[in-house]
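Given next are the chains, with one letter for each unit.
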Amino acid sequence: MNRYVRTPDAVSYNEVVNSQYKLSSSLFLKLVMPNANSKKLADFLSRKLNRTDLGVEVGSLSYIDKSPKYFLRTKALQDYSYIPELTSETMLPILPKDFVNMHLRKGDVVISKDSNIGEVVILEKDYPDCMLSGALYKLPLKEEWKYYLLAFIKHDIFREQLNAIVPKGATIRHAKTLFLDCVIPLPNNNAENVIKYVSILTEAIINKQVLIKQRHAEILRLIDEELYNNQKEATFTYQLPTLKDLQEVGRLDTGLYSSVFKESINLIHSYSGGYKNNIYALGYKLNRGQNLQESNIGKSIYSDKSHDHFYTLALPTYFSEYGTINKTIYLGNPNKLKTLSQGEIVFGAEATFRGFVVCDKKDKCITNIHGITISNNGNLIQSIFVKSFLDYLVRRGVIDAVKVGGHGGSFAQKYWDIIPFPNFPESKQKEIAALYHNPQEYQSSDCTLANFLVYDDSYNSTAGIYELDKTAKHFQQLLSQAIDDIVNDREVVIRL
């Protein structure tokens, strides 16, 4: 339901005439914003938008398996992230001869005009070997307004405006440059400090999202390094499957015979520290999450906002590859449902293949039947290592090799007994775990607008992924409240 753009109760005759006598309610949507102090997005550009700011569509014939040049698609722009989400589906290798150098630099703001219209990100580093798709614009924003504008473009006030002015009905909607007509409200009270407050909160969130990616990459690097640097002398040689192999597995539609799977498993078997045959040998038990069907638990109420006595619902479909949750849903149900405990791993075993570790004591937190809960005696460090190693196996393609079925596939419980886990030293497991979960006290009593980012950077330097995500979500709540206050012309309370 729209909060800022609404259908009026009545329209004038002249408005009907101007709409060419069309009576569709969507044609008369109006922005309801008490704060009249606003400018169009176009007014914040350092120059006019031109054709060279728009990406180029190279076509599917340019896609290849490997290349030093890449093509960024609109899928890389997601509502939960201020920086691009780079995967094999969002950043495609292309023929070098079709590459167009767009001089993508750290700090460039990229917005989508097609498909997920109005979605925006800021580049966290230089991308000299990447070009934008024809659906993406590089916005030449005035530097002093960049983070303030990013916050508003990410907010519902901008999305609702854009949805109202872009024609509906097509399979893929095209905004052209209509996003430049969306208005951005400005504060009327304590304007300079409020603008700075919004800007530094946005910058702080971006800093944390960048570090989350870096921490996760470091986890995978440490695992890779530990395995490869501590191998027995035996070398691996791939061999095609024998009839005996086929009879033992009992399947032809599988990657269990592939070189990717065989080499990865051999890497674990040849680890000098030894290994456990499977997750059960590590002392874990596997169970499905709560069945949320009405036939099982009765009627439920779902909400995007937290309410007293509601369950927090961690759905695997919203897990990120970094072990964070991009979106949380709340569920109201009178029954006693199966809740999660500290130290448990939730692994999305259907299509997502991503995990999350419950690091805090959580009341009334549940997952659904698509999530496998992996529990032991509450050993948090070991659970984080197991989750991290599962991430590593996913990255190597091992889970893809084992999964069954189409539409993303399923990593069925019966296949968990063939995945070994290396016996990493406790010190290495602690090193890996600290990158994911490393609780720190946030010292903010002396924070001001002038030094806030310095304090925050100090916290970030030792915080784990879990803490970075937790504080980023807190800052996002403060940011959303500040934007809502600006829109409604209320005083913004600066909270640091």
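Note that this is a predicted model, so its numbers are computed, not measured. (Residues numbered from 1 in each chain as written. Predicted model: local features only at pLDDT ≥ 70, side-chain atom pairs only at ≥ 80, totals over all residues. Heavy atoms only, no water.)

Caption draft 1: Representation of the overall build of the chain within the structure. Helices and strands together make up the secondary structure of the chain, namely twelve helices and 20 strands. For 496 residues, the compact-globule formula gives about 23 Å, and the C-alpha radius of gyration of the chain, at 25 Å, lands near that figure. Taking the principal axes of the C-alpha coordinates as reference, the chain spans close to 80 × 55 × 50 Å. Burial analysis of the chain (496 residues in total) assigns 49% to the buried set. Considering only contacts in the chain between residues 6 or more positions apart, those separated by 24 or more positions represent 77%. About 24700 Å² of surface is accessible on the chain, with carbon and sulfur atoms providing 49% of the total. Side chains of the chain give 58 positive and 55 negative charges; the mean places of these two sets differ by 3 Å. (Helix = DSSP H or I, 4+ residues; strand = E, 2+ residues; numbered from the N terminus. Rg over C-alpha atoms; globule rule 2.2 N^0.38 Å. Buried < 20%, exposed > 50% of the residue type's maximum accessible area, 1.4 Å probe, protein only. Contact = heavy atoms within 4.5 Å. Areas by Shrake-Rupley, 256 points an atom, 1.4 Å probe, with all protein chains shown as cover. Lys, Arg positive; Asp, Glu negative; His and termini not counted. Charge placed at Lys NZ, Arg CZ, Asp CG, Glu CD.)

Caption draft 2: Region of interest: the nonpolar core. Ranked by internal contacts, the top residues of the largest apolar core, which has 62 residues, are Ile-374, Val-386, Phe-389, Phe-411, Trp-416 and Tyr-436. Of the residues forming this core, the biggest block, eight residues, is contributed by helix H8 (residues 380-396). Leave out the neighbours within four places in its chain, and Val-386 touches Ile-279, Leu-282, Tyr-284, Ile-345 and Phe-421. In this structure, Ile-111, Trp-145, Ile-205 and Ala-482 belong to the second largest nonpolar core, which totals 57 residues. (Core = buried A, V, L, I, M, F, W, Y, C linked by side-chain atoms within 4.5 Å.)

Caption draft 3: Structural detail: the packing of helix H4 (residues 191-228) against helix H11 (residues 452-460). Orientation of H4 relative to H11, taken along the N-to-C sense of each, is 20°, at an axis distance of 11 Å. Judged by the inter-axis angle, H4 sits roughly parallel to H11. The element H4 and its partner H11 pack so that their crossing is right-handed. For the pair H4 and H11, contact is made by Ile-200, Glu-203, Ala-204, Asn-207, Lys-208, Leu-211 and Arg-215 and by Phe-452, Leu-453, Asp-456, Asp-457, Tyr-459 and Asn-460, respectively. For the contact of H4 with H11, the residue count by class is six nonpolar, two polar and five charged. (Axes fitted to C-alpha atoms, helices over the stretch in contact; angles between N-to-C directions. Parallel < 35°, antiparallel > 145°, perpendicular 65-115°, else oblique. Left-handed = near helix turned anticlockwise from the far one by under 90°. Nonpolar A, V, L, I, M, F, W, Y, C, P; charged D, E, K, R; others polar.)

Caption draft 4: Geometry of the pattern of salt bridges. Considering all chains together, one arrives at 25 salt bridges under this definition. Asp-400 is the salt-bridge partner of Lys-403, the closest N and O atoms lying 3.2 Å from each other. Taking the relative accessible area as the measure of exposure, Lys-403 reaches 24% and is therefore partly exposed. By relative accessible area, which is 44% here, Asp-400 ends up partly exposed. Taken together, the shared-partner salt bridges connect Arg-3, Asp-156, Asp-484, Asp-485 and Arg-490 into one network. (Salt bridge = Lys/Arg side-chain N within 4 Å of Asp/Glu carboxyl O.)

Caption draft 5: Seen up close, the pairing of strand E15 (residues 329-332). Burial of the side chains of E15 extends over both faces: Ile-329 and Leu-331 are buried on one face and Tyr-330 and Gly-332 on the other. Judged from the three bridges that link them, strand E14 (residues 311-313) and E15 form a sheet pairing that is antiparallel. Counterpart to Thr-312 in the pairing with E15 is Tyr-330. (Pairing = 2+ DSSP bridges.)

Caption draft 6: Quick peek at the sheet that holds strand E12 (residues 285-288). If you trace the four strands from one edge of the open sheet to the other, you get E12-E19-E16-E17, paired in antiparallel fashion. The sheet terminates laterally at E12 and strand E17 (355-357), the two strands that pair on one side only. Going across the sheet, the axis of each strand differs from the next one's by a mean of 25°, ignoring polarity. Where H8 meets the sheet, its contacts fall on strand E16 (345-348), E17 and strand E19 (371-375), and the angle it forms with E17 comes to roughly 170°.

Caption draft 7: Quick look at the sheet that holds E14. Ordered by their spatial adjacency, four strands build an open sheet running E13-E15-E14-E18, and the pairing between neighbours is mixed. Edge positions in the open sheet fall to strand E13 (301-303) and strand E18 (365-366), since each of these has one partner strand only.

Caption draft 8: Main features of the side chain of Arg-159. Secondary-structure assignment places Arg-159 in helix H3 (residues 156-165). Note on Arg-159: relative accessible area 16%, which makes it buried. In this structure, Arg-159 is in contact with Asp-79, Gly-118, Glu-119, Ile-153 and Lys-154, ignoring residues within four places of it in sequence.

Caption draft 9: Fine view of the packing of aromatic side chains. Within the structure shown, the criterion is met by 18 aromatic pairs. Consider the rings of Phe-389 and Phe-421, whose centres lie 5.7 Å apart with planes at 50°: the pair is tilted. Within this pair, whereas Phe-389 is found in helix H8, its partner Phe-421 is found in strand E20 (residues 421-422), the two being separated by 32 residues in sequence. Comparing Phe-389 with Phe-421, the two get one shared label, buried. When the ring of Tyr-442 is compared with that of Tyr-459, the centres are 4.7 Å apart and the planes differ by 45°; the resulting orientation is tilted. Of the two residues, Tyr-442 is situated in the loop between helix H10 (426-436) and H11 and Tyr-459 in helix H11; the sequence distance between them amounts to 17 residues. An aromatic cluster is present here, built from Tyr-271, Phe-385, Phe-389, Tyr-392, Phe-421 and Phe-424 joined pairwise through their rings. In this structure, Lys-69 is placed above the aromatic ring of Phe-99, and the distance from its NZ or CZ to the ring centre is 4.7 Å. One residue, Lys-154, lies across the ring of Tyr-82, its end atom 5.6 Å from the ring centre. (Phe/Tyr/Trp six-rings, centres within 6.5 Å; stacked < 30°, edge-to-face > 60°. Lys NZ or Arg CZ within 6 Å of the ring centre and 35° of its normal.)

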